[in-house]
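Here is what each chain is made of, one letter per residue.
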Amino acid sequence: MNTNNNIYTVVYTAVIVIIVSAVLAFASSSLKSRQEANEKAEVVSQILTAGKFGEKSEWSAKGNDAVLAFYKENIAEAYTVNAAGAKVADLNTADAQVYTVSDLKAQNYNIKGGSDVCLPVYVFKNGTVVVPIYGAGLWGPVWGYIGFEPNRQDMVGAYFDHDSETPGLGGKIKDDPSFRAMFEDKAVDFSDATPFAIVKGGAPAGKINAIDAISGATMTSNGVSEAINNWLNAYKSFLTAVVPASEENQLRGRMMGEPTNAEEE
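Residues numbered from 1 in each chain as written. Predicted model: local features only at pLDDT ≥ 70, side-chain atom pairs only at ≥ 80, totals over all residues. Heavy atoms only, no water.

## Remarks on the side chain of Asp-161
And step 1. Residue placement: Asp-161 occurs in strand 6 (residues 155-162).
And step 2. Separated by 3.0 Å, the side chains of Asp-161 and Gln-46 make a polar contact.
And step 3. Only 3.5 Å separates the side chain of Asp-161 from the side chain of Lys-174, close enough to count as a polar contact.
And step 4. The residues touching Asp-161, leaving out its near neighbours within four places in the chain, are Glu-42, Gln-46, Val-142, Trp-143, Ile-173 and Lys-174. (Helix = DSSP H or I, 4+ residues; strand = E, 2+ residues; numbered from the N terminus. Polar contact = N/O pair within 3.5 Å; in protein donor to acceptor, adjacent residues only side chain to side chain. Contact = heavy atoms within 4.5 Å.)

The following block contains the structure:
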C-alpha cells in the first residue's frame, strides 16, 4: 500500500478521528452518572452549609454518600414556587432532587426577563428554609444559598460560590468564613428600597438587613448584592406569606421531635 498518497492520508485520518470520538463518547457515557452524583452532592453540601448544618469543608471531607444521606434524613420537603409564592411542583426528596447551577442560571434569565419563574425551596425538619441566589460577579457567575428561620425573614446562614473571582479578593465570598458569618442573625426587609444590602465602607451600625462589603472587591460584592436582591424579590411573595397554622404546627412538631400527621400514618 502506498502510504504517501492523499487517499491513504485521508482514510487514515478519518479512522483515527472515528476511534478517538468513540473512545471519548464511551468515557463520557461511563462517567456521566459519577459526574451527576458529584454535582448533586456539591449542591446539597452548599445547601446544608447555608442552613447551618455544618461547614462546607466538613461535608466535602465526608464524601457524597454521607452528604446525601444526611440531606435525605433531615429534609422535610422540597418544592418549587412561582412569583406569587404558590407551589408549582414537589422535588423528589427521596432522590435528593435539587436545582443545579445550570438550573439556577436558567431561572435567573426568567427573573431578569420577567418570564414565569419556577424557584426551588428546601425546608428542613428543624424548620430552616433554604433558597438559592444566582448572578454575575466580576469575572463570571456567582451563586449561593441563604438559610432562613421558619419565619422566612431572619437569616441563619449563607454560602456562596463562583467560577472565576480573584483569589484573596472577590474569591472571599467562598473562601472567607467571616464573610458568610456576617449573614447570621441578619434579616431581609422588604420595606426597605434594598431588601438586603452589602455596603462598601461598612454597614450602618444596627442595620439588620445589611453587611460589610469585601474590602478591595467592590465589583464582586456588588454582583453578590444584586444577585441576592434580584432573587429575594422574586421570592418575596413566598417569603412574606404567613405560614399556615397547620404547617407551623408541623414545623414545631418536627423541631420538638414529635410525629406529624403524615408520619403517624
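Now, onward.
## So, unusual backbone geometry
And step 1. Despite not being glycine, Lys-52 has its phi angle at roughly 65 degrees, a positive value.
And step 2. Residue placement: Lys-52 occurs in the loop between helix 1 (6-50) and helix 2 (56-62).
And step 3. Overall, the relative accessible area of 41% leaves Lys-52 in the partly exposed class.
And step 4. Residue Ala-96 is not a glycine yet carries a positive backbone phi of 55 degrees.
And step 5. Position of Ala-96 among the secondary structure elements: in the loop between strand 2 (87-90) and helix 4 (101-113).
And step 6. With a relative accessible area of 0%, Ala-96 lands in the buried category. (Buried < 20%, exposed > 50% of the residue type's maximum accessible area, 1.4 Å probe, protein only.)

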